[in-house]
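Geometric and topological summary
If you want the building blocks of each chain, they are given just below.
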Amino acid sequence: MNPHYRPSFATEELEFHGNENNPEGKALYFPVHRRRILIDTLSRPESYFEYLPEENSINGTEVIYIGTIKEIPCYCFELEEEFCEPDMQYFDLHELYGMVDEEMLGIASRAVQMADFYRTHRYCGLCGGNTEYVPVETGMQCQNCSHIAYPRISPAVIVLIEKDEHLLMARSKNFPEGVYGLVAGFVEAGETIEHAAHREIREEVGVSVKDLTYFASQPWPFPSSLMIGFTANFAEGDISIDPEEIEDAAWFHVEDIPKLPQKKSISRALIDHFLDEHAAKE
Ligand SMILES: [Zn+2]
């Protein structure tokens, strides 16, 4: 783990299975509708999540305990309707970045993913029966056949590839104009994360690497990934892109780096780490 990196969208202090009893009855609520959180925009950021909507707007949904922060229990729930009150507004997680502190963003990110898990698992995948949230399992259980579905987290690898003072960067078709990032891809069934890293690099940019070294990880709730970051040194091969996935890839000198991904991503943290290391050498 890189000691200098504090990933966004991650909680560090939330006790996932903590105490739900606050002596003063305090709690934090994350009302979610289709991955966006309802916030009282007139309150200060530290009070954004103190509002509990009226009971009739919660009817028909389950209130899910997601953990305890500094002795305050936190709950999320998926609102069936796009319920709103004056001075309240929905925000997605990208919009919340910078509006609340990193710890609260991490908890909000967990809230969105758990509410979304609830929304997308109301019926059993085996028999179609109704499901119910089971706190001890952190899962949705079928009331008919007992099958349990768990929140899906999709691991993905992302690798910074270095050669002398150059960085191999690539852009996919859906990147904002001019922005380059690092090679990344999902881990597939039966794979180790190391295998996935070597495979993705070979498939997407055609080169091979050595000295694959773990850097850090970041939960990436868009919708439910876990990014696992590595650094590696170039071994051999010429760049040859997979046009299905990649629009362009090239070696960029440390002093000629293109437009970078946003600060909140581990991709940017890896690139900043590389740039800092080279700046320190000069
Ligand atoms: Zn079932």
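What counts, and where the lines are drawn
Residues numbered from 1 in each chain as written. Predicted model: local features only at pLDDT ≥ 70, side-chain atom pairs only at ≥ 80, totals over all residues. Pairing = 2+ DSSP bridges. Helix = DSSP H or I, 4+ residues; strand = E, 2+ residues; numbered from the N terminus. Axes fitted to C-alpha atoms, helices over the stretch in contact; angles between N-to-C directions. Contact = placed C-beta atoms within 7 Å. Expected span 1.5 Å × (residues − 1). Buried ≥ 20, exposed ≤ 12 C-beta atoms within 10 Å, placed from the backbone.

Taken together, the five strands give an open sheet; going across it, the order is β3-β4-β1-β2-β5, and neighbouring strands pair in mixed fashion. Only two strands of the sheet have a single neighbouring strand rather than two, namely β3 (64–69) and β5 (88–91). Across the sheet, the mean angle from the axis of one strand to that of its neighbour is 30 degrees, orientation sign disregarded. Here two bridges tie strand β1 (residues 28–33) to strand β2 (residues 36–40), and the two strands are oriented antiparallel to one another. Its bridge partner being in β2, V32 is matched across the sheet by I37. This element, helix α3 (residues 102–120), spans β1, β2, β3 and β4 (72–78) of the sheet and lies at about 40 degrees to β4.

Read from one edge of the open sheet, three strands run β6-β7-β8, paired in antiparallel fashion. Two strands bound the open sheet, and with one partner strand each, they are β6 (131–134) and β8 (148–149). Where β6 lies against strand β7 (residues 139–142), four bridges are found, and the strand directions are antiparallel. Following the sheet pairing, T131 is matched in β7 by C142.

Here we take up helix α5 (residues 266–281). Helix length check: α5 (16 residues) gives 23 Å between terminal C-alpha atoms against 22 Å at 1.5 Å per residue, within 8%. Inspection of α5 places I266, S267, A269, L270 and I271 among the buried residues, and these make up the whole buried set. At its buried positions, α5 is contacted by β9 (154–163), β10 (166–172), β12 (208–220) and β13 (225–236).

In terms of residue burial, β9 counts as a mostly covered element, since seven of its 10 residues are buried. Pairing analysis gives nine bridges linking β9 to β13, with the strands arranged parallel. Counterpart to S154 in the pairing with β13 is S225. Summarising the sheet, β9 and strand β11 (residues 183–186) pair through four bridges and their orientation is antiparallel. In the strand pairing of β11, I158 is matched with A184. For β9 and β10, the ladder comprises three bridges, and the chain directions are antiparallel.

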